[in-house]
Amino acid sequence: VYVVLASEEYYDAINHLRSNYMLQIGSKAMLVTLMFAFTIGLVIFWAITKNVRQIVEVMQKFKQGNLGARIKIQSKGDLKEISRMFNEMADILTENVKKLKDVEVLRRELIANISHDLRTPISIIQGYVETLLIKGDRLSPEESRRYLSTIHESVQKLEKLVNELFELSKLEAKQVRA
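Criteria and thresholds
Here the residue numbers are simple positions, counted from 1 along each chain's written sequence. Totals for whole chains, interfaces and linings use every residue, but because this is a predicted model, local features are given only for residues with pLDDT of at least 70 and side-chain atom pairs only at 80 or more, for both listing and counting. With hydrogens and water stripped out, all remaining heavy atoms of the structure feed into the side-chain values. Think of it this way: any DSSP run of H or I at least four residues long counts as a helix, any run of E at least two long counts as a strand, and we number them from the N terminus. Throughout, radius of gyration means the C-alpha value; the globule benchmark is 2.2 Å times the number of residues raised to the power 0.38. What makes two residues a contact is simply this: any of their non-hydrogen atoms within 4.5 Å. With residues, only the protein chains shown are counted as cover, and all accessible areas are computed by Shrake-Rupley using a 1.4 Å probe. Charged residues are defined narrowly, with Lys and Arg counted positive, Asp and Glu counted negative, and His plus the chain ends left uncounted. Note on charges: their place is set at NZ of Lys, CZ of Arg, CG of Asp or CD of Glu. Salt bridges are defined as contacts in which a side-chain nitrogen from Lys or Arg sits within 4 Å of a carboxyl oxygen from Asp or Glu. Residue burial is assigned from relative accessible area. The probe radius is 1.4 Å, only protein chains are included, and a residue is buried under 20% of its type maximum, exposed over 50%, and partly exposed in between.

Q: Quick one: what's the story with the overall build of the chain, residue by residue and with numbers?
A: When its secondary structure is counted, the chain shows three helices and zero strands. When the helices and strands of the chain are listed from N to C terminus, the series reads α-α-α. Relative to the compact-globule value of 16 Å for 178 residues, the chain shows a C-alpha radius of gyration of 45 Å, a clear excess of over 25%. Projected onto the principal axes, the alpha-carbon positions of the chain cover approximately 160 × 30 × 25 Å. Within the chain, residue pairs in contact and separated by at least 24 positions form 46% of the contacts whose partners lie at least 6 positions apart. About 15,100 Å² of surface is accessible on the chain, with carbon and sulfur atoms providing 63% of the total. Taking the average location of the 26 positive side-chain charges in the chain and that of its 22 negative ones, the two points are 4 Å from each other.

Q: An account of the pattern of salt bridges is requested, with residue identities and associated values reported.
A: Inspection of every chain in the model, using the stated rule, returns six salt bridges. Between Arg 84 and Glu 88 there is a salt bridge, and its shortest N-O distance comes to 2.4 Å. With Arg 84 and Glu 88 both in helix H2 (residues 78-135) and four residues apart, the pair spans about one turn of that helix. Relative accessible area serves as the criterion here: at 32%, Arg 84 is assigned to the partly exposed category. For Glu 88, a relative accessible area of 40% gives the class partly exposed. Linking Lys 98 and Asp 102 is a salt bridge whose minimum nitrogen-to-oxygen distance equals 3.5 Å. Of this pair, Lys 98 and Asp 102 both sit in helix H2, four residues apart, which is roughly one turn of that helix. Overall, the relative accessible area of 38% leaves Asp 102 in the partly exposed class. Taken together, the salt bridges that share partners define one network made up of Glu 81, Arg 84 and Glu 88.

Structure representation (structure tokens):
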């Protein structure tokens, strides 16, 4: 009886050790598998988001003033469409900025021309008025009339220029249709 009971205890002890050993091996294998799956998951996630990161980097460059920044279209599907749309919008914005710069150059030239055109009649008026003031007593009535006529013509030219300038400013403000 002792031998039978001892062998049962022996078999119970061996089975208990085996189950513990299998539990340890199983838990270690599960831990290794989880670590491997986590690593593979991170690599796959990095690969999937790589194109999105590149798109965001180009958008940041564009936002910071690099108007030549464009997305190299490498992906497929929705990311390709987003890249294409961004590049089109960037091209439109760049073209609009160029047009605005051209308009600003034209505006400066216009202001320079207007100031020159306004100075001419003002200088004529000023010169003839000064002549009338200085030599008013010594001028014949015919010369005075001619000087006053020249002043009057210059005032009319000046008024015409000012009215044209006013119309131009109203056109720019879209108050009057061309």
